[in-house]
Amino acid sequence: MTETHATIPSAAPVFPPGRYGRRREPERRRPVLRWSLVALLIAGLVLAATQLYQRYGDPEYRPEVITYTDISDTGVRVDFRVTVPEGGAAVCLVRARSHAGAEVGHEEVTVTAAPGQQHLTARHRITTTERPFIGEVVRCRPAG
């Protein structure tokens, strides 16, 4: 007796016996193992990135204006403190602005810390094109 479409359930195809080999059972999936491996990989990458950033990342150069004094028609003196890596050096952009907010003078100042020192204080006089209202440190970056 041969099978026809009327006698075969439509859910699964019927193959001739012995022609295509043995049918495998569907693989058992292990989602917990897969997610555990993914989580372990992500944790390892985060740990490696943190270690590399601490070793080779940008060190912090934080400037802080202590005071600005000796304001005259030709300049202002700015006293500031910079936090650098121990024994490091920084180049700081110091500027003066007029009462209207326009920049009337700016200079780059190089400051160097003594060995073992992280916080250093610097004093610099900026020459201006007109009377300044304020002196400030815009940013500091590594020297060199």
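Above this text sits the structure in question.
Keep in mind it's a predicted model, so treat the numbers as computed, not measured. (Residues numbered from 1 in each chain as written. Predicted model: local features only at pLDDT ≥ 70, side-chain atom pairs only at ≥ 80, totals over all residues. Heavy atoms only, no water.)

**A few points about unusual backbone geometry**
So the rule is basically this: What counts as a helix is a DSSP run of H or I of at least four residues, what counts as a strand is a run of E of at least two, and both are numbered from the N terminus. Per-residue accessibility, obtained with a 1.4 Å probe over protein chains only, is compared with the maximum for each type, and a residue is labelled buried under 20%, exposed over 50%, and partly exposed between these values.
Not every positive phi belongs to a glycine, and Asp70 is a case in point at roughly 50°. Mapping Asp70 onto the fold places it in strand 1 (residues 62-72). Given the relative accessible area of 46%, Asp70 is considered partly exposed.

**Some points on the pairing of strand 4 (residues 103-112)**
Looking along a regular strand, one sees side chains alternate from face to face of the sheet. Selection rule: Note on pairing: DSSP must find at least two bridges between two strands before they are called paired.
Looking at chain direction, strand 3 (residues 89-97) and strand 4 are connected through nine bridges and run antiparallel. Each bridged residue has a counterpart across the sheet, and for Arg95 the counterpart in strand 4 is His106. Counted along the chain from strand 3 to the antiparallel partner strand 4, the turn is five residues long, and its residue Gly101 has a positive phi close to 100°.

**What to know about the sheet that holds strand 4**
Which entries qualify depends on this criterion: For every element, the axis is a line fit to its C-alpha atoms; helices are fit only across the contacting stretch, and the angle between N-to-C directions ranges from 0 to 180 degrees.
Pairing within the open sheet is antiparallel, and its three strands lie in the order 4-3-6. The sheet is open, and its two edges are formed by strand 4 and strand 6 (134-142), each paired on a single side. Direction aside, neighbouring strands of the sheet carry axes that sit 20° apart on average.

**Here's the deal with the pattern of salt bridges**
Definition in use: Each salt bridge in this description consists of a side-chain nitrogen of Lys or Arg and a carboxyl oxygen of Asp or Glu lying within 4 Å of one another.
Evaluated as defined, the whole model comprises nine salt bridges. The shortest N-O distance in the salt bridge between Arg131 and Asp73 comes to 3.2 Å. A residue pair is termed long-range when its members are at least 10 positions apart, and Arg131 in the loop between strand 5 (119-127) and strand 6 and Asp73 in the loop between strand 1 and strand 2 (75-83) qualify at 58 residues. A residue is classified by how much of its surface remains accessible, and Arg131, at 46% relative accessible area, is partly exposed. Glu108 is paired through a salt bridge with Arg141; the nearest N and O atoms lie 3.4 Å apart. Of this pair, Glu108 sits in strand 4 while Arg141 is found in strand 6, placing the two residues 33 residues apart along the sequence. In the salt-bridge network here, residues are joined through shared partners; they are Asp70, Arg77, Asp79 and Arg123.

**Points about helix 1 (residues 31-56)**
What counts is decided by this rule: The length a helix should cover is 1.5 Å for every residue beyond the first.
The end-to-end C-alpha distance of helix 1, which contains 26 residues, comes to 37 Å, matching closely the 38 Å that a straight helix rising 1.5 Å per residue would cover. A small share of helix 1 lies buried, amounting to zero of its 26 residues.

**Thoughts on the pairing of strand 2**
Of all nine residues making up strand 2, seven are buried, and the element is well covered by its neighbours. With eight bridges connecting them, strand 1 and strand 2 associate as antiparallel partners. From the neighbouring strand, Pro63 faces strand 2, where its bridge partner is Val82. Here strand 1 folds back onto strand 2, and the loop between the two strands holds two residues. The pairing of strand 2 with strand 5 spans nine bridges and is classified as antiparallel. Following the sheet pairing, Gly75 is matched in strand 5 by Thr127.

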